[in-house]
Amino acid sequence: MAIQAHFLSVALLAVGALGVLIGMSWWTFGPSTRRAPVRKRAGDSDYGLLVPVAQSPTIEQADQLCALLADNGIRATVARERGRALVLVFATDLSRARDHVRRAGV
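Residues numbered from 1 in each chain as written. Predicted model: local features only at pLDDT ≥ 70, side-chain atom pairs only at ≥ 80, totals over all residues. Heavy atoms only, no water.

**Quick word on the overall build of the protein chain**
Check the secondary structure of the protein chain and you find 3 helices and 3 strands. Put simply, the protein chain runs from its N terminus to its C terminus through helices and strands in the order α-β-α-β-β-α. Counting over 106 residues, the protein chain shows a buried share of 19%. Considering only intrachain contacts with a sequence separation of at least 6, the fraction spanning at least 24 residues in the protein chain is 57%. Total accessible area computed for the protein chain in this model is approximately 8500 Å², and 61% of it derives from carbon and sulfur atoms. (Helix = DSSP H or I, 4+ residues; strand = E, 2+ residues; numbered from the N terminus. Buried < 20%, exposed > 50% of the residue type's maximum accessible area, 1.4 Å probe, protein only. Contact = heavy atoms within 4.5 Å. Areas by Shrake-Rupley, 256 points an atom, 1.4 Å probe, with all protein chains shown as cover.)

Below is the structure:
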């Protein structure tokens with residue numbers, strides 16, 4: 001009888017330890033807060049830290065504009081959206097990039 005009680009106590013201890021491990025894992029790696037998803041308006045595009053400075057009908061023209069901006073120390077990239085090419089720059093470079101785009105006549 002004492003042997004059966006020993007096995008029962010070991011089994012209960014193992015189940016309890018497993019429960020504690022599952023609870024700690026859920027607390028550590030589980031969902032932090034439940035927030036409603038952010039809804040975007042129709043037509044909004046999310047480029048993160050980048051903002052559009054110019055648009056072009058072709059990728060080639062947008063690449064040329066990127067090269068012009070790069071020659072002036074402004075980091076730029078091209079994104080395709082709805083049949084047009086957008087030239088994107090960081091928001092901190094936006095005013096300088098607009099000046100160079102205006103001078104280029106785009």
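Past the structure itself, the notes keep going.
**A word on the side chain of E81**
Along the polypeptide, E81 turns up in strand β2 (residues 76-81). Taking relative accessible area as the criterion, E81 reaches 11% and is therefore assigned buried. A polar atom in the side chain of E81 sits 2.5 Å from the side chain of Y47. (Polar contact = N/O pair within 3.5 Å; in protein donor to acceptor, adjacent residues only side chain to side chain.)

**Describing the pattern of salt bridges**
Under the counting rule described, the total for this entry stands at 4 salt bridges. For the salt bridge of R82 with E81, the shortest nitrogen-to-oxygen distance reads 3.5 Å. For D99, the salt bridge goes to R102, with nearest N and O atoms at 3.4 Å. In this pair, D99 and R102 both sit in helix α3 (residues 94-104), 3 residues apart, roughly one turn of the helix. The exposed category is assigned to R102, whose relative accessible area is 58%. The network of salt bridges with common partners includes E81, R82 and R84. (Salt bridge = Lys/Arg side-chain N within 4 Å of Asp/Glu carboxyl O.)

The analysis is restricted to geometry; functional conclusions fall outside its scope.
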